[in-house]
Amino acid sequence: MESVIVDTLFDDLPDTDELHDERVKAWAFLARDVDWWEPGGLKPQPQPIVATSPHVFFELEILAMNGREAMSETSEMSH
């Protein structure tokens, strides 16, 4: 079993001219893995092109990470 605790700062990326490039960068990153956010039963439909994005984007600045790793009893016995 592994666990990770991540301390972050949250920052909203509103749909402004100033943050347009950051939002496009975030969307490009998410679009690499097509439809990862959609439920398995959803039948995708063509989406209209709009001037503004209906999506909410945010970034998390990682401040610190801590974690723990443990092995199961059966794994420990075989070592």
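Since this is a predicted model, take the numbers as computed values, not measurements.

**Student:** Report on the overall build of the chain, specifying residues and quantitative values.
**Tutor:** For the chain, the helix and strand inventory stands at 2 helices and 2 strands. For the chain, the sequential pattern of α-helices and β-strands runs β-α-β-α. Per-residue burial over the chain gives 6% buried out of 79 residues. Counted over contacts in the chain with a minimum sequence separation of 6, partners at least 24 positions apart contribute 80%. For the chain, the accessible surface area stands at approximately 7500 Å², while carbon and sulfur atoms represent 58% of it.

**Student:** Could you give me a rundown of the packing of aromatic side chains, with the residues and numbers involved?
**Tutor:** Within this structure, the stated rule accounts for 2 aromatic pairs. On the numbers, 6.3 Å between centres and 90° between planes, the contact of Trp 27 with Phe 57 is edge-to-face. Linking Trp 27 in helix H1 (residues 20-31) with Phe 57 in the loop between H1 and strand E2 (58-69), this pair joins segments that are 30 residues apart in sequence. Exposure remark for Phe 57: the relative accessible area of 6% places this residue in the buried category.

Calculation notes
Residues numbered from 1 in each chain as written. Predicted model: local features only at pLDDT ≥ 70, side-chain atom pairs only at ≥ 80, totals over all residues. Heavy atoms only, no water. Helix = DSSP H or I, 4+ residues; strand = E, 2+ residues; numbered from the N terminus. Buried < 20%, exposed > 50% of the residue type's maximum accessible area, 1.4 Å probe, protein only. Contact = heavy atoms within 4.5 Å. Areas by Shrake-Rupley, 256 points an atom, 1.4 Å probe, with all protein chains shown as cover. Phe/Tyr/Trp six-rings, centres within 6.5 Å; stacked < 30°, edge-to-face > 60°.

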